[in-house]
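Remarks on the overall topology
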Amino acid sequence: MIKDCLISGETKVVGLIGYPVEHSFSPVMHNAAFQHLHLNYVYVPFPVASNSTLTQAVRGLFSAGAAGLNVTVPYKEQVISCLDNLDGYARSVGAVNTIVREQDKLVGYNTDGKGFIQSLRSEGVEVMGRNILLLGAGGAAKAVAFALGQAGVSKLYIANRTVERAEQLAAQLLGSTQTIGIELSEKALGTVVDQCSIIVNTTSIGMYPRVEGIPFPALMLTSNHIVADLVYNPVETRLLSAARKQGCKTISGLGMLAYQGAASFQLWTGQTAPVEIMQQVIAKMI
Ligand code: ATR
């Protein structure tokens with residue numbers, strides 16, 4: 001175990017590849033978890049400034065004994081070409097946020113969707129059989145949409161400013177879930193909001209520093225709606241604050257951040273992560 005944060009000859013290194021990585025919460029979150037469980041691991045950020053060196057960076061770190069990696073913007077898709085195998089869910093989403101060495105192979109996983117579902121479960125919310133409205137159709141929406149499909153949602157509406165992107169994502173999910181792409185406009189949202197019990201913001205609207213943004217007309221919300229936001233900075237976005245005032249149950253992005261990290265942690269160490277500790281340390285940083 002690490003005593004007083006001392007690194008020994010047996011310390012295992014895990015880390016984060018992306019660019020930029022300075023403002024990531026993952027190092028603090030994972031290092032707190034390792035210390036809490038007295039695991040001799042350390043989590044280090046690795047800025048990879050150029051995509052032309054991504055393969056070298058990934059292969060080099062594992063050649064030098066890294067026990068696992070997280071991958072963040074802008075490499076979640078490109079990193080797939082550096083790996084030997086992909087887990088089925090990561091293959092469906094077409095993006096990887098976690099790499100594990102299994103025997104001598106580098107295997108890519110995506111824990112974002114699982115993290116989202118678990119963050120809902122931790123608040124007592126099950127998605128199976130529900131109609132859900134997803135705001136946004138980017139990378140985060142895709143990870144969440146596939147996870148919702150696997151978790152057995154009944155109907156999924158995807159609302160996006162660029163409606164073609166929503167329709168494309170809906171088409172990719174076809175077969176597993178009934179999914180419909182619509183425009184992120186008051187008129188289109190008004191036609192589906194009463195059919196949905198959970199509304200999820202996956203867009204960056206409302207994220208620091210533009211905290212005044214709101215992706216959904218709050219007056220359409222009733223106390224029957226559960227509103228989740230993937231944005232975690234601020235913890236209570238304008239959307240969540242407005243939803244709370246309408247009587248909705250609200251779920252912040254902090255849970256997804258901690259649970260996706262917890263799932264990566266478990267893949268690397270084989271141990272259950274102390275999610276509450278992880279959530280507490282991130283909350284202190286925001
Ligand atoms: P991420 O990987 O974080 O999801 P992304 O792939 O760039 O990032 O997707 C960002 C999402 O937020 C998209 O759905 C985007 O809508 P468009 O596809 O129309 O670009 C949405 N988004 C970002 N800023 C927005 C804004 N000001 N108004 C409406 N939608 C916005």
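Scroll up for the structure.
Now for a description of the structure that goes with this document. It should be emphasised that the depicted structure is a prediction, and the values quoted were computed from it without experimental measurement. (Residues numbered from 1 in each chain as written. Predicted model: local features only at pLDDT ≥ 70, side-chain atom pairs only at ≥ 80, totals over all residues. Heavy atoms only, no water.)

1. Structural notes on the site of the ligand
Quick note on the threshold: Here a residue is considered near a molecule or strand provided that any single heavy atom belonging to it is located within 4 Å of it. Polar contact criterion, stated in full: a pair of N or O atoms within 3.5 Å, where within protein one must be able to donate a hydrogen and the other to accept it, and residues adjacent in sequence count only if both atoms are side-chain atoms. Areas reported as accessible are Shrake-Rupley estimates using a 1.4 Å probe. Residue values count occlusion only from the protein chains shown. Charged means Asp, Glu, Lys or Arg here, nonpolar means Ala, Val, Leu, Ile, Met, Phe, Trp, Tyr, Cys or Pro, and polar covers whatever is left, Gly included.
In the vicinity of the ligand, the residues found are G136, A137, G138, G139, A140, N160, R161, T162, R165, T203, S204 and I205. In the environment of the ligand, an oxygen atom lies 2.9 Å from a nitrogen or oxygen atom belonging to the backbone of A137. Residue A140 places a main-chain N or O atom 3.0 Å away from an oxygen atom belonging to the ligand. Calculation on the ligand without its partners gives an accessible area of 640 Å², and the protein chains cover 63% of this total. The residue inventory of the shell around the ligand, partitioned by class, reads three nonpolar, seven polar and two charged.

2. Comments concerning the packing of helix 1 (residues 26–36) against helix 9 (residues 253–269)
We count it as follows: Only the contacting stretch of a helix is used when fitting its axis, a line to C-alpha atoms as for every element, and angles between N-to-C directions run 0 to 180 degrees. Helical segments are the DSSP runs of H or I of at least four residues, strand segments are the runs of E of at least two, and each set is numbered from the N terminus. Roughly parallel means an angle under 35 degrees; roughly antiparallel, over 145; roughly perpendicular, 65 to 115; everything else is oblique. Each crossing is labelled by how the near helix is turned from the far one, with a counterclockwise turn of less than a right angle marking it left-handed and a clockwise turn marking it right-handed. We call two residues contacting when some pair of their heavy atoms lies within 4.5 Å.
At a minimum axis separation of 11 Å, helix 1 and helix 9 run at an interaxial angle of 55 degrees. Our classification of the angle between helix 1 and helix 9 gives oblique. Like other packed secondary-structure pairs, helix 1 and helix 9 cross with a definite hand, here right-handed. Every residue of helix 9 that contacts helix 1 at M29, H30, A33 and F34 is listed here: L257, A258, Q260, G261, F265, W268 and T269. The residue inventory of the contact of helix 1 with helix 9, partitioned by class, reads seven nonpolar, four polar and no charged.

3. Notes on the side chain of H225
Stated formally: Exposure is judged per residue with a 1.4 Å probe applied to protein chains only, and the accessible area is read against the type maximum: over 50% gives exposed, under 20% gives buried, and values in between give partly exposed.
Tracing the backbone through its elements, the reader meets H225 in the loop between strand 10 (198–201) and strand 11 (226–229). Residue H225 is classed as buried on the basis of its relative accessible area of 3%. A polar contact is formed between the side chain of H225 and the backbone oxygen of V193, at a distance of 3.0 Å. Not counting chain neighbours up to four residues away, the residues in contact with H225 comprise V193, C196, S197, I199, M220, C248 and K249.

4. Considering the nonpolar core
Here is the rule: For our purposes a nonpolar core is just a set of buried Ala, Val, Leu, Ile, Met, Phe, Trp, Tyr and Cys residues, chained together by side-chain atoms within 4.5 Å. Domain segmentation is taken from an automatic or database assignment of domains.
In terms of nonpolar packing, the biggest core is built from 32 residues, with F116, V127, L134, L148 and L156 touching the most fellow members. Listed by contribution, the elements that provide at least two residues to this core are helix 3 (88–93), helix 4 (112–121), strand 7 (131–135), helix 5 (139–150), strand 8 (155–160), helix 6 (163–173), strand 10 and strand 11. In terms of residue count, the dominant contributor to this core is helix 5 (seven residues). Both of domain 1 (12–110) and domain 2 (113–255) provide at least three residues apiece to this core.

5. Describing unusual backbone geometry
Cis geometry marks the peptide bond from Y208 to P209, where omega comes out at 5 degrees. Residue N233 is joined to P234 through a cis peptide bond whose omega torsion reads 5 degrees. Its place among the elements puts P234 in the loop between strand 11 and helix 8 (238–245). For H38, which is not a glycine, the phi torsion comes out positive at approximately 55 degrees. Phi at Q103 is positive, roughly 50 degrees, even though this residue is not glycine. Of note, Q103 is situated in the loop between strand 5 (98–102) and strand 6 (105–109). Overall, the relative accessible area of 73% leaves Q103 in the exposed class.

6. Some details on helix 8
Every buried residue of helix 8 is listed here: L239, L240, S241, A242 and A243. At its buried positions, helix 8 is contacted by strand 10, strand 11 and strand 12 (249–251). The first or second residue beyond helix 8 is G247, which carries a positive phi of 90 degrees.

Geometric values such as these leave the question of function open.
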